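The primary structure of each chain is shown beneath.
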There are 2 protein chains.
Amino acid sequence: MLLDDRKKRILEAVIEEYNATAEPVGSTKIANDYNLGFSSATIRNEMANLEELGYLEQPHISAGRIPSSQGYRFYIDSIMQEKNLSVQEKQIIDEILKEDVIKLETLIKDASNILAKLTNYASIAIGPQMTNCKVEEIKLVKLGQDRLMIVILADNGAIKESIIKYDGTLPEENIEIFNTYLNHSLKGMNFEEIYNNINAYVENELYNISTNVIPLVNELNNLLVDNNVEVYMEGTKNLLSLPEMKQENTLKNFLNIIETQDALKELAKNGYDGNVNVYIGQENAFEDLKDFTIITYKQKINDKELGTIGLIGPKRMDYKKVIPVIKYVGDVLQEKMKQGGSFDDGQNNAK
Amino acid sequence: MLLDDRKKRILEAVIEEYNATAEPVGSTKIANDYNLGFSSATIRNEMANLEELGYLEQPHISAGRIPSSQGYRFYIDSIMQEKNLSVQEKQIIDEILKEDVIKLETLIKDASNILAKLTNYASIAIGPQMTNCKVEEIKLVKLGQDRLMIVILADNGAIKESIIKYDGTLPEENIEIFNTYLNHSLKGMNFEEIYNNINAYVENELYNISTNVIPLVNELNNLLVDNNVEVYMEGTKNLLSLPEMKQENTLKNFLNIIETQDALKELAKNGYDGNVNVYIGQENAFEDLKDFTIITYKQKINDKELGTIGLIGPKRMDYKKVIPVIKYVGDVLQEKMKQGGSFDDGQNNAK
DNA sequence: CTTAGCACTCAGGAAGATTAAGTGCTAAAA
DNA sequence: TTTTAGCACTTAATCTTCCTGAGTGCTAAG
């Protein structure tokens, strides 16, 4: 649906005014403050039209208008002009991400941190989807008397690792054999493929060597499960003081999002790569998110998924600024990862 | 300060009534519902006395009384009778903790989970203080082309681990040498001791072998830092619907506690071992906690710290029930850990 | 020492009035 | 035909006033 220029300018004005105040916007306000060259009456008529077309909403009959999700969508896609980052902002981002990062997992957290700081919303960082990763290396490490650490290095650089109780029936000298065997039979294989029928790949020799490899095999399998994704959030506090949080349920919904993390994982999974994705209110299926906007930016290098950074804020977001910021941060991050050569999924979060 | 029996019984009644309703309690309510055998007038007088003594507070002059922190303190220490857990509750706890837990880090999380479920408050689980731990074993594991995993096993069973970029100037054949050397020179040493002057312990041979071991040494050091403690929470949502959260600041304070975690770490550090510790409102120094009670139970076996489980809730907690619950869960947990032989501090959180 | 009785206090809610912001529509102006 | 001034109308929000109910402290009688 196309809008004529006047409608666009009015919609833009309403959105900017509403973004600034969080209050329904009236026609006179627009007429006075945004000299568009029309009287309040004309604007009033146009606002009525825009409402009919679905771009604006009216909380009640004698109130001003607020933008609908569709209104924001149109604004983002067809009206707003992205605001370039200031030299200063770029410097801050470059500065923080430039530091010689030895701990790779710190990188994505840092990026998330910057996002929260620069935007004043809550930022998220989500580990990569492992579904399509291939096993690059498996290491079994004996720890102390009774534990075994299983480490899987994936071809996207992510590391999954876990510790199980070392069972006495699994003789020490076999660990090396297992290690070799596991690498031999699983290297280069797809995570999902292994997960679906690990026994097929492993049964022959492994079960021959020792009767009690079941815990090991189980845990190995667990590490391959796709759902096993880490979520970080920063700046959740930033959202608490927003006026939209005054509505009873909004806050509860938000805390639900934080606590369950399901919605976040799901959105991160779906996000189209190489692009900043914006989900406004009802645009995503999660009831709890209906009053929020989520922006995600999936990080990818050479077809390898490296995780997702993102932002959560009110629908009334400063999109003009926020989208370029996340784009810039993501691009710097990917650049940095390319140099670093690998990415750790953050499951090893020694500070 | 001792109270006569009548005052005790009235204080107890007020606390129980207030716990149930979260509303100031009046003298007639007590007289009618808790047949203590005194008229409301007598109770009124006693309540005035109890207020003067600091055990009760009055929100405003024509309102009933609410228990002060001191009142709760006295109630816990000298009045209440702990309520035995029902057979059912014990079963639930035993059941969940009885499962054959292969993943040791799951254990403390499970315990925390149970606490949240059984009490309907928010539960916490905090990794062990490592200050007084000794190094039991160090492993360096090469991962892929360019990374090195450092794993430290401590004598309390905790495992600290981290990954650094593997530097080309650190030849592969040296890793084994390093490994041997690090174990040789650091095994049995106190974390804190090493941290304070790691170079003294490591410099000689290590720096001789390769010029660029600095990242490795730094990271090793990082892993020893005391502050590097993991905090889990469950059931934070449970607290949102409490009437006390209606007061603007209480909720903010709560979210602050969750987000910063400082207060939690601090309290876990200080808690006296082998006992359930209760911190009511202002009894702990953290401003944000002034409207909450925190209960901690430090887990210890043979002088080895294994972390802390705990609860956060309103001051108006059901102490009679909650304290035995946390005690029971903690004891079962310690029993379980004793069998398991070791405890993983949860930094390896593959689900 | 206990309690009945009573005057007093005060938060919270209901009812009503007022205000301010904004609308839609009509008719005049451009 | 489009724009705009003008105006009647709507409604949420706020303020005021009044009232009620829960609770108190104190006094005097039991």
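Here the structure is a predicted model, which is why all the values come from computation and not from measurement. (Residues numbered from 1 in each chain as written. Chains lettered and ligands numbered in written order. Predicted model: local features only at pLDDT ≥ 70, side-chain atom pairs only at ≥ 80, totals over all residues. Heavy atoms only, no water.)

**Brief notes about the environment of Val276(A)**
Residue and element names in this part refer to chain A. Convention followed: Secondary structure elements follow DSSP: runs of H or I of four or more residues count as helices, runs of E of two or more count as strands, with numbering from the N terminus. The contact rule is simple, with two residues in contact once any of their heavy atoms fall within 4.5 Å.
Considering the arrangement of structural elements, one finds Val-276 in strand β8 (residues 276-280). With 48 residues separating them along the chain, Val-276 and Pro-324 place their C-alpha atoms 9.0 Å apart. Contacts of Val-276, omitting those with residues within four sequence positions, involve Ile-295, Thr-296, Tyr-297, Ile-323, Ile-326 and Lys-327.

**Here's the deal with the environment of Leu3(B)**
The criterion, for reference: Exposure categories follow from relative accessible area, calculated using a 1.4 Å probe and restricted to protein chains: below 20% of the type maximum is buried, above 50% is exposed, and the middle band is partly exposed.
Among the structural elements, Leu3(B) can be located in the segment before α1 (5-21). A relative accessible area of 8% places Leu3(B) in the buried class.

**Overview of the packing of α1(B) against helix α4 (residues 69-79) of chain B**
Residue and element names in this part refer to chain B. Put simply, the test is: Only the stretch in contact is used when a helix axis is fitted, and all axes are lines through C-alpha atoms; the angle between N-to-C directions ranges over 0 to 180 degrees. Should the near helix be turned anticlockwise from the far one by less than a right angle, the crossing is termed left-handed; should it be turned clockwise, right-handed. Under the convention adopted here, Pro, Cys and the residues Ala, Val, Leu, Ile, Met, Phe, Trp and Tyr are nonpolar, Asp, Glu, Lys and Arg are charged, and Gly plus all remaining residues are polar.
Direction vectors running N to C along α1 and α4 enclose 115 degrees, while the axes themselves pass 10 Å from each other. Crossing angle aside, the handedness with which α1 passes α4 is left-handed. Residues Lys-8, Leu-11, Glu-12, Ile-15, Glu-16, Tyr-18 and Asn-19 of α1 form the contact with α4, whose participating residues are Gly-71, Tyr-72, Phe-74, Tyr-75, Ser-78 and Ile-79. When its residues are assigned to classes, the contact of α1 with α4 shows 7 nonpolar, 3 polar and 3 charged.

**Structural notes on the domain arrangement of chain A**
Frequently, the measure chosen for interface size is the accessible area removed from exposure when the parts meet. Residue and element names in this part refer to chain A. Quick note on the threshold: The domain boundaries here were taken from an automatic or database domain assignment. Two parts placed together each lose some accessible area under a 1.4 Å probe, and the buried area is that loss summed for both. By salt bridge we mean one thing: a side-chain nitrogen of Lys or Arg within 4 Å of a carboxyl oxygen of Asp or Glu. Polar contact criterion, stated in full: a pair of N or O atoms within 3.5 Å, where within protein one must be able to donate a hydrogen and the other to accept it, and residues adjacent in sequence count only if both atoms are side-chain atoms.
Split by domain assignment, chain A resolves into domain 1 (5-79), domain 2 (87-129 + 229-350) and domain 3 (135-227). One C-alpha centre belongs to domain 1, the other to domain 2, and the line joining them spans 29 Å. Taking both sides of the interface into account, the surface hidden between domain 1 and domain 2 amounts to around 970 Å²; carbon and sulfur atoms contribute 56%. Together, Ser-69, Arg-73 and Ile-76 form the three largest contributors to the area buried by domain 1 at its contact with domain 2, with a combined 45%. Put simply, domain 1 and domain 2 have 2 salt bridges between them. Here Lys-320 and Glu-16 are joined by a salt bridge, their closest N and O atoms 3.1 Å apart. Taken together, the links from domain 1 to domain 2 amount to 7 residue pairs in polar contact (both at pLDDT 80 or more). Elements that contribute at least two residues to the side of domain 1 that touches domain 2 include exactly α1 (5-21) and α4 (69-79). Per element, the largest residue contribution to the side of domain 1 that touches domain 2 is 5 residues, and it comes from α4. Residue classes in the side of domain 1 that touches domain 2 are distributed as 5 nonpolar, 2 polar and 2 charged.

**A look at the nonpolar core**
Quick reminder of the rule: In this description, a nonpolar core means a group of buried Ala, Val, Leu, Ile, Met, Phe, Trp, Tyr and Cys residues linked to one another through side-chain atoms lying within 4.5 Å.
In terms of nonpolar packing, the biggest core is built from 154 residues, with Ile295(A), Ile312(A), Tyr319(A), Ile295(B), Ile312(B) and Tyr319(B) touching the most fellow members. With residues near it in sequence (within four places) discarded, Ile295(B) still touches Val276(B), Asn277(B), Val278(B), Ile309(B), Gly310(B), Leu311(B), Met317(B), Tyr319(B), Val322(B), Ile323(B) and Ile326(B).

**Quick look at helix α5 (residues 87-98) of chain A**
All names here are of chain A. The cut-off we apply is this: Expected helix span is given by 1.5 Å per residue-to-residue step, counting one fewer step than there are residues. To obtain the arc, one takes the directions from the helix axis to the C-beta atoms.
Here α5 contains 12 residues, and its C-alpha end-to-end distance of 16 Å stays within 8% of the 16 Å for a straight helix at 1.5 Å per residue. When we look at burial in α5, the residues that qualify are Glu-89, Ile-93 and Leu-97. All buried residues of α5 project into a common sector of 55 degrees when viewed along the axis, lining one side. Along α5, the residues that are exposed and aim more than 90 degrees away from the buried face are Val-87, Gln-88 and Lys-98.

**Remarks on the sheet that holds strand β3 (residues 122-126) of chain B**
Residues and elements named next belong to chain B. Put simply, the test is: One bridge is not enough; two strands pair if DSSP finds at least two bridges between them.
In space, the 5 strands of this open sheet follow the order β7-β3-β10-β9-β8, with antiparallel pairing throughout. The sheet is open, and its two edges are formed by β7 (231-234) and β8 (276-280), each paired on a single side. Strand-to-strand twist across the sheet, computed as the mean angle between neighbouring axes with direction ignored, equals 20 degrees. One ladder, built from 4 bridges, connects β3 with β7; its direction is antiparallel. The residue bridging Ile-126 from the neighbouring strand is Val-231, located in β7. Across the sheet, helix α12 (residues 248-260) touches β3, β7, β9 (292-301) and β10 (304-314), and the angle it forms with β9 is around 20 degrees.

**Some points on the protein's contact with DNA strand C**
As a reminder of what qualifies: The near set for a molecule or strand comprises every residue that places at least one heavy atom within 4 Å of it.
In the vicinity of DNA strand C, 21 residues are found, and the nearest of them are Ser27(A), Arg6(B), Thr42(B), Ile61(B) and Ser62(B). Among all atoms of DNA strand C positioned within 4 Å of the protein, those belonging to sugar or phosphate total 75%. In the environment of DNA strand C, a phosphate oxygen lies 2.9 Å from a nitrogen or oxygen atom belonging to the side chain of Arg65(A). Counting only elements with at least two residues in the surface near DNA strand C, the list comes to α3 (40-53) of chain A together with α3 (40-52) of chain B. Among the elements that take part in the surface near DNA strand C, α3(B) stands out by supplying 4 residues, more than any other. Looking at the surface near DNA strand C, its residues break down into 7 nonpolar, 10 polar and 4 charged.

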